[in-house]
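# Structural overview for review
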Amino acid sequence: PVNLRLGAQTLVDYRLNGRWTLTGGASLMGAFAGPLTVFQGRLAGSHLMVAPGGSLGVAYRLNPSLELRAEGGIELPFDVRDGRRQPTGYAGLTLRWGRTSRR
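Residues numbered from 1 in each chain as written. Predicted model: local features only at pLDDT ≥ 70, side-chain atom pairs only at ≥ 80, totals over all residues. Heavy atoms only, no water.

### Considerations on a nonpolar patch on the surface
Judged by side-chain polarity, Tyr14, Leu16, Trp20, Leu22, Leu56 and Val58 come together as a nonpolar surface patch covering roughly 580 Å² of accessible area. Mapped by element, the contributors of at least two residues to the nonpolar patch are β2 (20-34) and β3 (47-63). For tryptophan 20, the location among the structural elements is in strand β2. (Patch = residues over 30% accessible without salt bridge, like charges linked within 9 Å, V, L, I, M, F, W, Y side chains within 5 Å. Areas by Shrake-Rupley, 256 points an atom, 1.4 Å probe, with all protein chains shown as cover. Salt bridge = Lys/Arg side-chain N within 4 Å of Asp/Glu carboxyl O. Helix = DSSP H or I, 4+ residues; strand = E, 2+ residues; numbered from the N terminus.)

Written out as C-alpha cells, the structure reads:
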C-alpha cells in the first residue's frame, strides 16, 4: 500500500510560574492512502483524508534539570469522498531531563 502524509503543527507554551507550563497546539494533516495500483493510474480503493486536530499539555518542573509532562490530543479525520471518520486521540506522560535550563 501507498501511504503519504503531510501536515503542519503549531505549539504555544505559556509559563504559569517557575514550575508550571501550559502548552496548547493545533495541527492540520493531509493524507493519501491507496493500493500499489495507483502507480499504474488505477485509483480504486484509495482515500484522501484531511485531519484537523488539537493538543493540550501541562508540565511541572521537579528541579532545574528534570520535568514531568502530561499531554493529550485529538484528531478529527475527514475522508474527502466518504465523509467524516471516527476521531482518534492520544495521551502520554513524559519525563524529560537534561542540563540545567535557564528558563
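### Things to note about the pattern of salt bridges
Enumeration according to the criterion identifies five salt bridges in this entry. The closest approach of N and O atoms between aspartate 79 and arginine 85, which form a salt bridge, is 3.0 Å. Assessed through its relative accessible area of 0%, aspartate 79 is described here as buried. Looking at arginine 85, the relative accessible area reads 36%, which means it is partly exposed. Overlapping salt bridges bring together Arg61, Glu67, Arg69 and Arg96 as one network. (Buried < 20%, exposed > 50% of the residue type's maximum accessible area, 1.4 Å probe, protein only.)

### A closer look at the environment of leucine 11
With respect to the element layout, leucine 11 can be found in strand β1 (residues 2-15). For leucine 11, a relative accessible area of 52% puts it in the exposed group. Put simply, leucine 11 and glycine 54 are 43 residues apart on the chain and 9.5 Å apart in space, counted from C-alpha to C-alpha. Excluding residues that lie within four positions of it along the chain, leucine 11 makes contacts with Thr23, Gly24, Gly25 and Ser55. (Contact = heavy atoms within 4.5 Å.)

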